[in-house]
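Structural description and commentary
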Amino acid sequence: MIIPNRNYAQLKDSYLFYRIAQKTKAYLEEHPGTYLYRMGIGDVSLPLCSAVIRALHEAVDDQAVKERFHGYMPECGAPFLREAVASHYRSRGVGVTADEVFISSGASDELGDILDLFDRSCGAMIIEPAYPAYVDASVIAGRKIVPVPATEENGFLPEPDEDLEADLLYLCSPNNPTGAVFPREKLHKWVDWANRRGAVILFDAAYEAFIEEENLPRSIFEIEGAKTCAIEICSLSKTAGFTGTRLGYTVIPEELERGGMRFNDMWVRNRTTKTNGVSYIIQKGGAAVFTKEGQEQIRENIRVYKNNARVLMDAFDRLGIWYTGGKNAPYLWIRCPGYMGSWEFFDYLLEKIQVIGTPGEGFGACGEGYFRFSTFGDPDDTKEAASRILDLLSQ
Ligand code: MLT
């Protein structure tokens, strides 16, 4: 008889964003035709930039011509894109080679898949509140989870503690959901901790492009010693609007090894077995992001989202509601007003003003009492939502 993976029984009933989508659907069924102001899931509202669109069209045309047609792509990524990503790192002073870059279909897929590199007995340390996929992917894989609470008191950036027992550590900076960014010296402490213990850091850098302050690290490989203890997982979803197009990249340093096995070699073995690579068309679109024109255009879009953040921050400042994030990250993390629970606040906003956000509890127990707003929404919607929030909460 087939034995199902019983770890599924340990998961919450539904994934956070699925639950929000179901609640939203139920509301719309009861209130047909109602317009909703969506600031829940961090999905982009601006289209892909013109440099990317042009490259995608050209790549489609290539597929129509025998001499330029591409069938299977190299499993670890097209050399032109691996090199474009590596040289992007090098332009920021971070030494990465094309062989260390693996092209993926997005960070969320990769954050779970990468667990294939580690023995089942390796526990995963997760700083909570956390992007729920870290927890769920680890639970499905049957790994022990060691939650590390991040709190207002430690600025949502806890420091390592020698008593912490785990082999893997998920770090996300800029953080989803709190928007907190590890300064260099604090990140250094985690790198030293990992090297001392022989642990491996899975560094989620999906939001690095939103860092404004020059001195904050955008890659863990800016920190000395990281190449012997870290894997960096990155995405073009938020940086360049690829949430629906799907493209990401992972950096596994050549020097990273444990027990005589090199993780870079192992990932080559994994990818060549488990994927046939990302489509040529999408990789051509991705390569356009790393051109001068592409970089200028994605910065324009990021400026729009940053302005959304300012609109929301202004509303919360005027209401005297505590929040963090928004400056170096595309999320605002607020304390729910009036001691409301986070799902209670979700329902309140939806019912009263048709605004959708994300309840903090969905990011782990220590997110209860907080609420996340995404700044990726349409600018007019964000202004309207901010004005509705102001009216509702100043009553
Ligand atoms: C979020 O809203 O946390 C993200 O958009 C989810 C994701 O990247 O999968």
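The preceding data block contains the structure.
Residues numbered from 1 in each chain as written. Predicted model: local features only at pLDDT ≥ 70, side-chain atom pairs only at ≥ 80, totals over all residues. Heavy atoms only, no water.

Considerations on the site of the ligand
Operational definition: Whether a residue is near a molecule or strand depends on its heavy atoms: if one lies within 4 Å, it is near. Distance and chemistry together define a polar contact, namely a pair of N or O atoms within 3.5 Å, with one atom able to donate a hydrogen and the other to accept it when in protein, and with adjacent residues in sequence counting only for side-chain atoms on both sides. Areas reported here follow the Shrake-Rupley algorithm with a probe of radius 1.4 Å; residue values treat only the protein chains shown as occluding. Buriedness for pockets is judged along seven lines, at least five of which must meet protein on both sides within 12 Å for an open set on the 1 Å grid over protein atoms alone, while cavities are sets there where a 1.4 Å probe fits but cannot get out, and lining residues have an atom within 4 Å of a point. To be counted as sitting in a cavity or pocket, a molecule needs more than half of its atoms within 2 Å of that site's grid points. By the convention adopted, Pro, Cys, Tyr, Trp, Phe, Met, Ile, Leu, Val and Ala count as nonpolar, Lys, Arg, Asp and Glu as charged, and the other residues, Gly among them, as polar. The split into domains, and so the bounds of each, comes from an automatic or database assignment of domains.
Surveying the vicinity of the ligand reveals the residues Phe 17, Ile 41, Gly 42, Tyr 131, Asn 176, Tyr 207, Lys 238, Tyr 331 and Arg 372. Here Tyr 131 contributes a side-chain N or O atom positioned 2.6 Å from an oxygen atom of the ligand. Note that an oxygen atom of the ligand is positioned 2.7 Å from one of the side-chain N or O atoms of Lys 238. Starting from 270 Å² of accessible surface for the ligand in isolation, the protein chains cover 83%. Among the cavities detected, the one that contains the ligand is the largest pocket. For the shell around the ligand, the residue count by class is five nonpolar, two polar and two charged. When residues of the shell around the ligand are sorted by domain, at least three fall in each of domain 1 (6–48 + 294–394) and domain 2 (50–290).

Section: the environment of Gly 40
Threshold: Here a strand is any run of E in DSSP of at least two residues, a helix any run of H or I of at least four, and the numbering for each starts at the N terminus. A simple rule labels every residue: compare its accessible area, found with a 1.4 Å probe on the protein chains alone, to the largest value its type can have, and call it buried under 20%, exposed over 50%, or partly exposed in between.
Position of Gly 40 among the secondary structure elements: in the loop between β1 (37–38) and α2 (50–62). Using a relative accessible area of 4% as the deciding quantity, one classes Gly 40 as buried. The sequence separation of Gly 40 and Phe 371 amounts to 331 residues, and the corresponding C-alpha distance is 9.7 Å.

Concerning the layout of surface pockets
We count it as follows: Grid points are joined across faces, edges and corners, and a volume is the space filled by probe spheres set on the points.
In this model, the largest pocket occupies a volume close to 450 Å³. Together, 25 residues line the largest pocket, and Ser 108, Tyr 131, Tyr 207, Lys 238 and Arg 246 are the ones closest to its centre. Counting residues per element, the ones that place at least two in the lining of the largest pocket are α4 (107–113), α5 (132–140) and α7 (237–240). When residues of the lining of the largest pocket are assigned to their parent elements, the largest contribution, four residues, is made by α4.

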